[in-house]
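One-letter residues, chain by chain:
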Amino acid sequence: MKLFLLLLTVMGAALFSGGCRSELYYRDKAVGEAREYVLENAPELNAEQRDHVRFTQPVLLYDPKVGGKSGTFLTRTPGQICVTWLVPGSKAAYMVVGFSDSRMMDWSPNRLIRRTFPQDDQSRLGAIDKARQYIFKGIYINLSADSGNVVRFENPEIYHSNFTPETSFTGEDREAFIKSLAQKPQYALVWKSPDEPELSFVVFGYSDPDLNGWTANSGGIYENADLAGKLGAKFEEAAE
């Protein structure tokens, strides 16, 4: 079963529109139910792993073979949606299976699956999660509601990049730090601003060539004109 990855982070508020609860409310509610389902049905998790499930934003995996158009999550066609955590110290992802359309109004836990993903999928997922966390901890307060939703619910584009690394080191220590980074490729994860087309939200960092171990170095809100010369080929294109 091939699953298409859609990153989901949890909106903490219940929104209302035209007297009806918004789709974000129902997705948030579904994620809460999935979280409780894992905690109730995975006794093998230790305290640290359980805290990871409690406090870390999950991933949504959508199966187009069960229902919906291939590669898309924004569909009204019911399909299988798995609320998923990659738990530290576990080779398996914890996937709570349920069925609904993308609004998740009728989603409820059906069963818990422990599944091992290929390394490239885990590496990409890990990089996107770390980039999203960097934005949440840093520039998120500067984003509009629409921009925040783009970061929360959409996958970024991933590029080979050439940004100047940031460090608090000075002198010889700074030179040694930058030299150590040069041993690994740099990748930038980029979300386009829905409010201002001339802006992008960018986080760059270093990893192995397959994104394994990617760690954020810096990031912020950039004018697209300033990205010229800093973004190279897309990661997918370079891998083909």
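(A) How the structure looks around the confidence of the model for the protein. Averaged over all residues, the pLDDT of the protein is 80; the fraction at 70 or higher stands at 82%. Below a pLDDT of 50 lies the segment residues 1–21, which in the model reaches 68 contacts outside its immediate sequence neighbourhood of four places, other chains included. Here residues 65–74 is a poorly scored stretch, pLDDT under 50, and it has 28 contacts once near neighbours within four places are set aside; other chains count.

(B) Seen up close, a negative patch on the surface. A cluster of acidic residues, Asp146, Asp195, Glu196, Glu198, Glu223 and Asp226, forms a negative patch at the surface. Inspection of the secondary structure assignment puts aspartate 226 in the loop between β11 (215–223) and β12 (231–234).

(C) Inspection of the sheet that holds β11 at higher detail. Pairing in this open sheet of five strands is antiparallel, and the strands run β11-β10-β9-β8-β12 from one edge to the other. Single-partner strands in this sheet number two, and they are β11 and β12. Taken pair by pair, the neighbouring strands of this sheet meet at an average axis angle of 35 degrees, ignoring direction. Sitting on the sheet, helix α3 (residues 119–137) is in contact with β8 (157–161), β9 (186–192), β10 (199–206) and β11, with an inclination near 65 degrees to β9.

(D) Quick peek at the side chain of serine 218. Relative to the helices and strands, serine 218 is located in strand β11. Within the structure, serine 218 has its side chain in polar contact with the side chain of glutamate 166 (distance 3.2 Å). Setting aside anything within four residues of it in sequence, one finds serine 218 in contact with Tyr134, Glu166, Val202, Val203 and Phe204.

Rules behind the numbers
Here the residue index of a chain counts from 1 through its sequence in written order. Since the coordinates come from a predicted model, pLDDT governs what is reported: local features require at least 70, and pairs of side-chain atoms require 80 or more to be given and counted, while whole-chain, interface and lining totals use all residues. Note that water and hydrogens are dropped before the side-chain values are worked out from all heavy atoms of the structure. A score between 0 and 100, pLDDT records how confident the predictor is in each residue. The contact definition used throughout considers only heavy atoms, calling two residues in contact when any of these lie within 4.5 Å. Patch construction takes residues with relative accessible area above 30% that form no salt bridge. Like charges are linked within 9 Å, and nonpolar side chains (Val, Leu, Ile, Met, Phe, Trp, Tyr) are linked within 5 Å. For every accessible area listed, the method is Shrake-Rupley and the probe measures 1.4 Å; residues are considered covered only by the protein chains on display. What counts as a salt bridge is simple: a side-chain nitrogen of Lys or Arg found within 4 Å of a carboxyl oxygen of Asp or Glu. By the counting rule applied here, Lys and Arg register as positive and Asp and Glu as negative, while His and the ends of each chain are not counted. By convention, the charge on Lys lies at NZ, on Arg at CZ, on Asp at CG and on Glu at CD. Where helices and strands are cited, they refer to DSSP runs of H or I of at least four residues and of E of at least two residues respectively, numbered from the N terminus. Paired strands, as defined in this entry, are two strands with at least two bridges between them according to DSSP. Here the axes come from fitting lines to C-alpha atoms, over the contacting stretch only for helices, and the angles between their N-to-C directions go from 0 to 180 degrees. Nitrogen and oxygen atoms within 3.5 Å of one another constitute a polar contact, given that in protein one can donate a hydrogen and the other can accept it, and given that sequence-neighbouring residues count only through two side-chain atoms.

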